[in-house]
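# Structural overview for review
Spelled out from the first residue to the last, the chains are:
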Amino acid sequence: MKLPVYFDNHATTPVDPRVVEAMLPFFTEQFGNSASKHAFGWEADAAVYEARKNVAALIGAAPKEIVFTSGATESDNLAIQGVAEMHRDRGDHVITCAAEHKAVLDSCKFLERHGFRVTYLPVDARGTVNLDKLRAAIDDRTLLISIMAANNEVGTIQPLDEIGRIAAEHGILFHSDATQAVGKMPIDVEASGIHLLSMTAHKLHGPKGIGALYVSARKPAVRLSPTIHGGGHEGGMRSGTLNVPGIVGFGKACEIARAEMAEELPHITQLRNRLEDGLFARLDELHLNGHPTERLCGNLNVAFGFVEGESLIMGLNDVAVSSGSTCTSAALEPSHVLKAMGLREDLAHGSIRFGLGRFNTEEEVDYVLDRVEEEVNRLRGLSPTYAKRTAAARPAQAAAGK
Ligand SMILES: *Cc1c(COP(=O)(O)O)cnc(C)c1O
């Protein structure tokens with residue numbers, strides 16, 4: 001086993017060696033600009049089309065519905081700003097959710113500065129949006145519903161089909177940031193009634209800096225204003241010379257994900273469950289963040305009571321995980337997702353996100369279990385409040401015959 005162990009696959013994933021191999025010729029011999037009208041261009045253009053087919057197939061779309069971007073952040077910006085700008089005469093209202101990624105939330109805040117109204121739906125304690133509240137938020141000036149497929153911190157999967165049905169009933173466009181979901185669960189844009197979908201290659205073992213926005217071309221054909229203007233690439237929706245090696249890698253990553261998903265998802269789920277069951281068996285005062293079942297296969301977000309998440313991360317110096325806090329300027333803020341779920345602030349500060357993926361092993365899970373148990377016990381040993389709590393719990397346990 002190689003140290004450090006990488007359990008942060010929601011932040012990014014290692015590029016699959018098969019993806020690297022597919023990309024390499026497109027840096028050297030096949031370096032053409034896919035817009036050029038000669039042999040070099042045609043070769044690059046054919047490779048881009050092949051990749052477009054593979055990206056589309058993974059989400060049940062058609063190749064012409066894929067707009068390549070620099071990643072999910074750009075896709076979210078393009079979807080939200082593009083719809084708002086294009087349909088300004090028809091409405092001024094967007095509905096999203098408080099637990100979205102910052103790329104969605106900040107795009108919505110940008111719209112608010114330009115005269116739009118935005119409803120930020122709350123989530124329940126498991127991170128799920130409430131469909132009655134969604135229905136109630138809709139008015140006759142609502143243009144867009146933007147709700148993510150699966151949350152990047154707690155893994156909660158949203159009821160996409162139901163949201164799609166509500167959007168269709170009201171003739172509203174439905175955008176979903178599916179960055180964490182694509183390749184980690186089956187996604188079918190048509191079955192779920194999704195009109196716009198954001199994704200990025202580096203979360204599914206592809207390269208960084210390449211992503212896509214799915215833009216429905218059928219029932220309805222969605223029209224968008226571009227955010228990046230220029231040579232009219234990608235149907236005029238996103239100008240700029242295509243990142244051919246990145247696109248080829250993205251296509252390969254999607255092809256592998258589609259071919260291997262049936263085997264890979266149960267494997268990752270089994271590793272995640274081994275980690276989850278092990279932690280809850282070995283340690284007390286733990287709280288699972290997120291939905292117990294409607295959750296991404298590789299996700300485990302746990303609040304460790306009586307522990308500072310930052311101290312735990314520091315102690316786990318040979319395990320890469322991430323905390324439930326984000327460093328904004330000087331202050332350590334609890335995550336906006338855990339806050340939206342109503343988690344107590346001390347528990348939010350004690351939360352750790354484990355993200356398992358394709359290349360993790362059972363041996364790594366067992367190593368991480370030992371390390372986390374050791375570190376949590378060490379930190380709790382230094383905590384006067386934990387000592388007080390165990391002292392207070394003892395007489396009650398004795399009375400219960402334990
Ligand atoms: C990672 C992530 C993004 C940003 O993707 P980039 O390609 O890095 O811009 C957006 N949304 C979600 C849910 C993510 O997990």
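As a reminder, the structure under discussion sits directly above these lines.
Report on the accompanying structure. (Residues numbered from 1 in each chain as written. Predicted model: local features only at pLDDT ≥ 70, side-chain atom pairs only at ≥ 80, totals over all residues. Heavy atoms only, no water.)

Right, let's get into unusual backbone geometry. A cis geometry characterises the amide bond from Leu 3 onward to Pro 4, with omega recorded as -5 degrees. Its identity as a non-glycine residue notwithstanding, Phe 306 has a phi of 65 degrees, on the positive side. Here Phe 306 is to be found in the loop between β10 (299–304) and α9 (309–315). A relative accessible area of 32% means that Phe 306 is categorised as partly exposed. (Helix = DSSP H or I, 4+ residues; strand = E, 2+ residues; numbered from the N terminus. Buried < 20%, exposed > 50% of the residue type's maximum accessible area, 1.4 Å probe, protein only.)

Before going further, it helps to examine the nonpolar core. In terms of nonpolar packing, the biggest core is built from 92 residues, with Leu 279, Phe 304 and Phe 354 touching the most fellow members. Both of domain 1 (5–10 + 261–399) and domain 2 (17–257) provide at least three residues apiece to this core. If we skip the residues at most four places from it in the chain, Leu 279 touches Leu 286, Leu 300, Val 302, Phe 304, Phe 354, Leu 369 and Val 372. Grouped together as the second largest cluster of nonpolar side chains are 21 residues, Phe 116, Val 118, Leu 173 and Leu 196 included. (Core = buried A, V, L, I, M, F, W, Y, C linked by side-chain atoms within 4.5 Å. Domains from an automatic or database assignment. Contact = heavy atoms within 4.5 Å.)

Our next topic: the site of the ligand. All residues adjacent to the ligand are Gly 71, Ala 72, Thr 73, His 101, Met 148, Asn 152, Asp 177, Thr 179, Gln 180, Thr 200, His 202 and Lys 203. Within the backbone of Ala 72, a nitrogen or oxygen atom sits 3.0 Å from an oxygen atom of the ligand. Here a nitrogen atom of the ligand and a side-chain polar atom of Asp 177 are 2.7 Å apart. Protein chains bury 86% of the 390 Å² of accessible surface belonging to the ligand in isolation. Of the residues in the shell around the ligand, the class split is two nonpolar, eight polar and two charged. (Near = heavy atom within 4 Å. Polar contact = N/O pair within 3.5 Å; in protein donor to acceptor, adjacent residues only side chain to side chain. Areas by Shrake-Rupley, 256 points an atom, 1.4 Å probe, with all protein chains shown as cover. Nonpolar A, V, L, I, M, F, W, Y, C, P; charged D, E, K, R; others polar.)

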